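What the coordinates show
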Amino acid sequence: MSNEKSANAMSRQWLMLFAVWAIATIATLSSLFFSEIVKLPVCSLCWYQRIAIYPLVLIMPLALFPLDKKVIAYAGILTLFGWLVALFHVLLVAGIIPKAAQPCVQDIPCSETHLNLFGFLNMPMMSLLTFTLMAVLLFLAKNRDSEESM
Amino acid sequence: MMNKKTLFIGFTVMLVGIFAIATVFYQNLQSLNQSAVSNEQLTQLLRQGAPSKGDDNAKVTIVEFLDPACETCKVFFPFVNKLMAKYPGKIKLMVRYAPLHKNSDKVVRLLEAAHLQGQFWPALEVLFAKQQEWTLHHVSQPQIAKQLLSALNLDQEMFAKDVLGQKVSQALNDDLAAVKSLQVRATPEFFVNGRKMQTFGYQQLQQLIEQEIAKHY
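Residues numbered from 1 in each chain as written. Chains lettered and ligands numbered in written order. Predicted model: local features only at pLDDT ≥ 70, side-chain atom pairs only at ≥ 80, totals over all residues. Heavy atoms only, no water.

**Some details on the overall build of chain A**
For the record, the criterion: Only DSSP runs of H or I reaching four residues or more are called helices, and only runs of E reaching two or more are called strands; each is numbered from the N terminus. Relative accessibility under 20% of the residue-type maximum defines a buried residue, over 50% an exposed one, and the middle range a partly exposed one, all with a 1.4 Å probe and only protein chains included. Only the protein chains shown count as cover for residues, with accessible areas throughout obtained via the Shrake-Rupley method and a probe of 1.4 Å.
Across its full length, chain A holds 5 helices and 2 strands. Within chain A, the proportion of its 150 residues that are buried is 39%. Working note: accessible area of chain A is about 8400 Å², and carbon and sulfur atoms make up 69% of it.

**Regarding the pairing of strand β2 (residues 60–66) of chain B**
Residues and elements named next belong to chain B. Basically, it comes down to this: A strand pair is defined by DSSP finding two or more bridges across the two strands. A crossover gets the label right-handed when its path from the first strand over the helix to the second runs clockwise, viewed with the strands pointing away from the viewer.
β2 sits mainly inside the fold: 6 of its 7 residues count as buried. For β2 and strand β3 (residues 91–97), the ladder comprises 7 bridges, and the chain directions are parallel. Across the sheet, the residue bridging to Val63 is Met94, located in β3. In this view, the connection linking β2 to its parallel neighbour β3 by way of helix α3 (residues 71–86) has right-handed handedness. Direction of pairing for β2 relative to strand β6 (residues 189–192): antiparallel, over a ladder of 4 bridges. Residue pairing in the sheet places Ile62 in a bridge with Val192 of β6.

**Regarding the pattern of salt bridges**
Residue and element names in this part refer to chain B. What counts is decided by this rule: Salt bridge criterion: a side-chain nitrogen from Lys or Arg within 4 Å of a carboxyl oxygen from Asp or Glu.
Inspection of every chain in the model, using the stated rule, returns 7 salt bridges over all chains. Between Asp56 and Lys92 there is a salt bridge, and its shortest N-O distance comes to 3.5 Å. Pair noted here: Asp56 is in the loop between β1 (52–54) and β2 and Lys92 is in strand β3, with a separation of 36 residues, a long-range link. Here Lys92 falls in the buried class, since its relative accessible area comes to 18%. Among the salt bridges present, the one from Lys86 reaches Glu210, with a minimum N-O distance of 3.4 Å. With Lys86 in helix α3 and Glu210 in helix α10 (residues 202–216), this residue pair connects regions lying 124 residues apart in the sequence. You can call Lys86 partly exposed: its relative accessible area is 47%. Where salt bridges share partners, they join Arg47, Arg96, Glu112 and Asp175 into one cluster.

**A few points about the packing of aromatic side chains**
The geometry of an aromatic ring pair is captured by the separation of the ring centres together with the interplanar angle, meaning the angle of the planes. To keep it simple, the criterion reads: By convention, a stacked pair of Phe, Tyr or Trp rings (six-membered ring in the case of Trp) has centres within 6.5 Å and planes under 30 degrees apart, an edge-to-face pair has planes over 60 apart, and any other such pair is tilted. Cation placement over rings: the criterion is NZ of Lys or CZ of Arg within 6 Å of the ring centroid and within 35° of the ring normal.
Going through the model one piece at a time under the given rule, you end up with 20 aromatic pairs over all chains. Pairing A:Phe33 with B:Phe19 gives two aromatic rings, centres 6.2 Å apart and planes at 80°, and the pair type is edge-to-face. A residue pair is termed interchain when its members come from two chains, as with A:Phe33 in helix α2 (residues 12–37) and B:Phe19 in helix α1 (residues 4–33). Given the relative accessible area of 23%, B:Phe19 is considered partly exposed. An aromatic cluster of at least three residues, connected via ring pairs, comprises A:Trp14, A:Phe18, A:Trp21, A:Phe65, B:Phe8 and B:Phe11. Cation over ring: B:Lys90 sits above B:Tyr217, and NZ or CZ is 5.1 Å from the ring centre.

**Considering the sheet that holds β2(B)**
What the 5 strands build is an open sheet, ordered β1-β3-β2-β6-β7 (chain B); its pairing is mixed. Unpaired on one side and paired on the other, β1 and β7 (195–196) of chain B mark the two borders of the sheet.

**Quick notes on the UniProt feature "transmembrane region" (unreviewed entry) in chain A**
Residues and elements named next belong to chain A. The condition that has to hold: UniProt positions are given in the numbering used here, feature names are shortened, and annotations may be inferred rather than shown by experiment.
Those places that UniProt annotates as "transmembrane region" (unreviewed entry) correspond, in this numbering, to residues 14–35, 47–65, 72–97 and 117–141. The distance separating the terminal C-alpha atoms of residues 14–35 is 32 Å; by composition the span is 100% helix and 0% strand. With 85% helix and 0% strand, residues 72–97 has end C-alpha atoms that lie 31 Å from one another.

**A look at the side chain of A:Ser35**
Residues and elements named next belong to chain A. The following threshold applies: What qualifies as a polar contact is a pair of N or O atoms within 3.5 Å, subject to a donor-acceptor requirement within protein and to the restriction that residues adjacent in sequence count only when both atoms come from side chains. Contact definition: two residues touch when any of their heavy atoms are within 4.5 Å.
Inspection of the secondary structure assignment puts Ser35 in helix α2. Within the structure, the side chain of Ser35 is placed 3.0 Å from the side chain of Arg50, a separation counted as a polar contact. Those residues in contact with Ser35 that sit more than four places away from it in its chain are Leu40, Val42 and Arg50.

Pasting the structure below:
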């Protein structure tokens, strides 16, 4: 009976992890849209951020059916890695980190951005916000875990 | 109450659907614009004095952005020549530089200096023919390229001076600016009467050229 209940009831924790999956999938499809359809060039820092986000699209569903809390650790480390790269990228574009420090090929400089919404929301900034949101959700999901098990 | 699986599958279908619709929408938008270049960019497409051949009165102008170190450019070169021979007097070809390979800008300087002495086409042919000798792992070796060009009938003293001179720098900078504003990201990139080739290939180029010939002749 209790098994059946946990299989169908959408706990808050489940919803948070579902949201992480949804965000990762939206980010994945958006990035593929811009590089494969619009044909914007992808710089190497963008690739590192993609490496952090693409696996989540496949890993998260495995942990949602049935709910496997260990995924918080797996997704957490990927999110942290992506977040750090995104932060580096944002600082690079903003000019706070000098250009020479960038690990980029000459053809596609990371310090250049091709999309700008509302004057501040460029691609690296969107990436940073995405990773931040996912990190917050994972953190909340982890805390809820300790509450619920108490 | 909504089932978890329904939620998951519903969301997946929705996202994939949005992706598909956005793709179709974007591609329609693109084909509406038919790759036409904006007026402002159009003025950047042609450079006065850039190497060119074909009849000056030709109504079809191909602008080819190339890198002498680019293997595909080398392979495409005879194809463009063949098309020009097929429609005598109807096509004009202008070459502009897009030195995307490492050190290619230095080889472009050699080419442009040869151009100042009217030797652009022979120089390009030599560089293409012996491309493997002066490119190592996609990195241009300007010293070797220079040696190969010494076989041409050039005033060597003037050549050496021109390579580093103001005229060559100006041409190179103009072309680099055009590469940027016209968003040339790969070579060879062709513009036929201001229309950018949409997808890459022999057929596509031939089609684009024949469309323009049909329009103007």
